[in-house]
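Each chain is listed here by its residues.
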Amino acid sequence: MNTLLGRAGGALSASACLIFLLQAGCGGDSDGGDGADGDGADGDDSSDDGSGDPGVMACELADAELVMGVFEGTSADGMPGTSRNCRFEITGGQVQTVNVYYYGPADDWDGVRQGYDANRGGTTDVPGIGNAAYYPNDRGPLELVVQTDQVIFALSVFVFAPETPPGVEDDVAELAQAIVASN
């Protein structure tokens, strides 16, 4: 009987440990509810080049004026998030949230893409944006990952509607192009 309880206790401890690790590593949506934490690569929230906070760096890629120039409505300044992102809350527009993610230097492109391919249902190339671009197949054109000469970034929008309003996919591509042009 003791052997059976010992094995059951060990299994329970291992299960509890696994649950803890899954919760710690996959803690859900820490950037505000859009379901896309944008971390297609490895889950590491540190900067790839060691030069600072990735959320702050993401806020250097875009500002409220750039975001409002593409999406209707108004936005306050972006706020650094916990998933390498800068979050822009939109009021009175077709989307409620725009997140810009910083993934590091351009030469990390292959590793970032491998992460998306493995964890996000694959990718689909989008020509004509930056040096290269794709969207993850689980979100489609509501999220784009872009490589420029210097960095890799992603942007993702969230819509509180049963269907995506017309033109939002084009707006995502337009904002990605505007970020490329401004950096």
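A brief report on the enclosed structure follows.

Reading guide: rules and limits
Residues numbered from 1 in each chain as written. Predicted model: local features only at pLDDT ≥ 70, side-chain atom pairs only at ≥ 80, totals over all residues. Heavy atoms only, no water. Phe/Tyr/Trp six-rings, centres within 6.5 Å; stacked < 30°, edge-to-face > 60°. Helix = DSSP H or I, 4+ residues; strand = E, 2+ residues; numbered from the N terminus. Buried < 20%, exposed > 50% of the residue type's maximum accessible area, 1.4 Å probe, protein only. Core = buried A, V, L, I, M, F, W, Y, C linked by side-chain atoms within 4.5 Å. Contact = heavy atoms within 4.5 Å.

**Examining the packing of aromatic side chains**
This structure, assessed with the given rule, holds five aromatic pairs. Ring centres 6.2 Å apart and planes at 65° place the aromatic pair Y103 and Y116 in the edge-to-face group. Placement of the pair is Y103 in strand β4 (residues 97–105) and Y116 in helix α4 (residues 109–119), with a sequence separation of 13 residues. Residues Y103 and Y116 agree in their burial class; the two are buried.

**What to know about the nonpolar core**
One recurring pattern in soluble globular proteins is that nonpolar side chains are buried together. Counting residues in hydrophobic clusters, the biggest one holds 30 residues, and the most contacted among them are F71, V95, V98, L155, V157, L175 and I179. Put simply, the parts of the chain that give this core at least two residues each are α2 (54–61), α3 (64–70), β3 (85–91), β4, β7 (143–147), β8 (151–158) and α5 (168–182). By residue number, the principal contributor to this core is α5, which donates five residues. Discounting residues that sit within four places of it in the chain, F71 has contacts with V95, V98, V157, D171, V172 and L175. Counting residues in each nonpolar core, the second largest holds nine residues, with Y101, W109, Y116 and Y134 among its members.

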